[in-house]
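Structure assessment
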Amino acid sequence: MQNNNAVMGSNAVVRVRHNIESSNQKGLRLNLVEKRIAGKGAEENPPVLCVHGATLAGYIWDIPIPGMSFLDHFAEAGHRSYALDIRGYAGSACEAVLAEPGRENAPYARAREAILDIDDAVEFIREQTCHETVYLVGSSWGTVTTAMYCTGAGRRKVDRLVLAAPLYSARNEAWLEMIRDPGDHARPNPDLGPYRRVSKREVEERWDAEIPGPDKTIWRDPAVFDALMKDAVAEGLPGTEPERDIFCAPNGTLIDLFDVFSERPLYDPRELNLPVLLIRGDADPTSTHADASNLFNQIASPIKRYTVIGNGAHFLVAEANNWQMFHEIGCFFRFRA
C-alpha cells in the first residue's frame, strides 16, 4: 500500500511516498507524497491534499528548495499534507496504458478520470489520518477536477476548497489555437493522441512570456525552475528524454481545456456549498480576472473569497511571491465559521 521511504529534513519534516492501488483501473497505482512533522501522529488540523494542473505534476507542490515547498508549509502549520499525481503523470504511470505518444489512441486522463483518482487519494488520507474531511487545493486544470469532485463524490469529504489559478468558462483564443482541429475549429484536433512531449524550453518560453521585463529572475528563481524540470523527467515515462529535457504529459487535459476555453463549463459552481478560496496572479493570461470573477459570482457558498496576488503569473505556486499565496491559504484554513 505504501513505500516508506521517509526522509528527515533539517526542519523536522518527514517525507513519505505512498503507492495507492486504483479502485477503478487495473494495474494503475497512484503516487501520493506525504509530508508531516516528525514524531507526530494524527494532527489536530485537517489534512491537506494538493492536486496539480495540466503540464507539471504533483512535484510542483513540493519543490526541494528552502521555503518553496507548499507541503512543508502545510506540515509546519500542523496539517499532514499530500500531493497527488493524477494517472499518467510522473509517479502515477500505468504500464497497461502508457505507450509511445501516437495518433491511434484517444487522449488519456480526462477530468472524469482524474476525480476518481482524487477520491482514491481522499479515501486513503481519511483512513490514514482518522479525519472525516480534508482540505483540497487545486491548481489550473486541477481547479476544474477538484471543483468537479466537490460537486459530486467529494461533497461530504471536503471541508474547504482552494482554487489556485482557477479555470471555469472563458473564451481563450490563444489556447484554442493550440488545441483545435485546423480544419474544423468547433472540435479539438483529432490527431492529439494520448500524450504530448513537452520540452524544458517550451515551459520556459511560456513562463517567460507572462513575466514583464527582460529579467525573469525577479519573479522566478532559476534553481526552482531547474528543480521542477529535473522532477519532470525523473520518472522516465515512454517518450521522456532526460538528456534533452523532454518529458510527457497526458493529452486528456487538453480536451477538457478545449471545453473550458470554448465557454462550456465542466461543473456547476452553484453546487459548491463549502467554503471556497479563489487565488490567482495578476499577470496570469490563462486564469483571467473575467473568468475568476464570473466563477466567484456563481459559487453558491456564503463563505467565499477571491484574492489577486500582484506580480504573479500562472505558475505563481513556484514563483517568488508564492509566500503571499501560502499566507492567504493559511488564513483561509485557520478561520472559524
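Residues numbered from 1 in each chain as written. Predicted model: local features only at pLDDT ≥ 70, side-chain atom pairs only at ≥ 80, totals over all residues. Heavy atoms only, no water.

In terms of regular secondary structure, the protein chain is built from nine helices and 13 strands. Taken against the 2.2 N^0.38 rule, which gives 20 Å for 337 residues, the C-alpha radius of gyration of the protein chain at 19 Å falls within 12% of a compact globule. In terms of overall dimensions, the protein chain has a C-alpha envelope of 55 × 45 × 40 Å along the principal axes. Counting all 337 residues of the protein chain, 58% fall into the buried class. Once local pairs closer than 6 in sequence are excluded, the contacts in the protein chain between residues at least 24 apart make up 75%. (Helix = DSSP H or I, 4+ residues; strand = E, 2+ residues; numbered from the N terminus. Rg over C-alpha atoms; globule rule 2.2 N^0.38 Å. Buried < 20%, exposed > 50% of the residue type's maximum accessible area, 1.4 Å probe, protein only. Contact = heavy atoms within 4.5 Å.)

Attention shifts here to the pairing of strand β10 (residues 195-199). Most of β10 is tucked away, with four of its five residues classed as buried. Strand direction decides the pairing type here: β10 and strand β11 (residues 246-250), joined by five bridges, are antiparallel. Following the sheet pairing, arginine 196 is matched in β11 by alanine 249. (Pairing = 2+ DSSP bridges.)

Its location among the elements puts cysteine 50 in strand β4 (residues 48-51). Between the alpha carbons of cysteine 50 and phenylalanine 70 there is a distance of 8.9 Å; along the sequence they are 20 residues apart. The residues touching cysteine 50, leaving out its near neighbours within four places in the chain, are Trp61, Leu71, Phe74, Tyr82, Ala83, Leu84 and Val137.

What follows is about the packing of helix α2 (residues 111-129) against helix α3 (residues 141-150). Two elements in contact, α2 and α3, have axes separated by 9 Å at closest approach and are oriented at 70°. Judged by the angle between their axes, α2 and α3 are roughly perpendicular. In the packing of α2 onto α3, the handedness of the crossing is right-handed. Contact with α2, carried on its side by Ala111, Arg112, Ala114, Ile115, Ile118, Asp119 and Val122, involves Trp141, Thr145, Thr146, Met148 and Tyr149 of α3 and no other residues of that element. (Axes fitted to C-alpha atoms, helices over the stretch in contact; angles between N-to-C directions. Parallel < 35°, antiparallel > 145°, perpendicular 65-115°, else oblique. Left-handed = near helix turned anticlockwise from the far one by under 90°.)

We now examine the side chain of aspartate 284. Tracing the chain through its elements places aspartate 284 in the loop between β12 (276-281) and α8 (289-298). Of the side chains with opposite charge, arginine 280 lies nearest to the buried aspartate 284, which makes no salt bridge, at 5.3 Å. Of note is the side chain of aspartate 284, whose polar atom sits 3.1 Å from the backbone nitrogen of serine 287. (Lys, Arg positive; Asp, Glu negative; His and termini not counted. Salt bridge = Lys/Arg side-chain N within 4 Å of Asp/Glu carboxyl O. Polar contact = N/O pair within 3.5 Å; in protein donor to acceptor, adjacent residues only side chain to side chain.)

Glancing now at unusual backbone geometry. Of note, the phi angle at serine 140 is positive, near 55°, even though the residue is not glycine. Within the secondary structure layout, serine 140 lies in the loop between β6 (134-139) and α3. Under the relative-accessibility criterion, serine 140 is labelled buried at 10%. Phi is positive for aspartate 245, which is not a glycine, with a value near 55°. Mapped onto the elements, aspartate 245 comes out in the loop between α6 (222-234) and β11.

The subject of this paragraph is the state of the cysteines. One pass over the structure, following the stated rule, counts zero disulfides. We note that cysteine 150 lacks a disulfide partner, and the nearest cysteine sulfur, in cysteine 50, lies 13 Å from it. Cysteine 150 gets classed as buried once you look at its relative accessible area, which sits at 3%. (Disulfide = S-S within 2.5 Å.)

This part takes up helix α5 (residues 200-210). Along α5, the residues classified as buried are Val203, Trp207 and Glu210. The arc that holds every buried residue of α5, seen down its axis, measures 55°, which confines them to one face. Turned more than 90 degrees away from the buried face of α5 sit Arg201 and Ala209, all of them exposed. (Arc of directions from axis to C-beta.)

As a further point, take α6. An ideal rise of 1.5 Å per residue puts 18 Å on 13 residues; α6 measures up with 18 Å between its terminal C-alpha atoms. For α6, the secondary structure elements touched by its buried residues are α5 and β11. Between the side-chain oxygen of the N-cap and the backbone nitrogen of alanine 223 there are 2.9 Å, and the N-cap of α6 in question is aspartate 221. (Expected span 1.5 Å × (residues − 1).)

With that settled, consider the packing of aromatic side chains. If you walk through the whole model with that rule in mind, you get 15 aromatic pairs. Seen in terms of ring centroids, phenylalanine 70 and phenylalanine 326 are 6.3 Å apart; in terms of plane orientation they differ by 85°. Their pairing is edge-to-face. Taken together, the residues phenylalanine 70 in helix α1 (residues 70-76) and phenylalanine 326 in helix α9 (residues 322-334) connect sequence positions 256 residues apart. An identical accessibility class is assigned to phenylalanine 70 and phenylalanine 326; each is buried. Both rings, one in phenylalanine 74 and one in phenylalanine 333, keep their centres 5.6 Å apart while their planes meet at 45°; by these two values the pair is tilted. Remark: phenylalanine 333 occurs in helix α9 and phenylalanine 74 occurs in helix α1; sequence separation between them is 259 residues. (Phe/Tyr/Trp six-rings, centres within 6.5 Å; stacked < 30°, edge-to-face > 60°.)

The geometry of α5 relative to α6 is characterised by a closest axis approach of 11 Å and an angle of 140° between their N-to-C directions. Comparing their axes, α6 and α5 come out oblique. Crossing hand, α5 versus α6: right-handed. Contacts from Lys200, Val203, Glu204 and Trp207 in α5 reach Phe225, Asp226, Leu228 and Met229 in α6. A breakdown of the residues in the contact of α5 with α6 according to their chemical character gives five nonpolar, no polar and three charged. (Nonpolar A, V, L, I, M, F, W, Y, C, P; charged D, E, K, R; others polar.)

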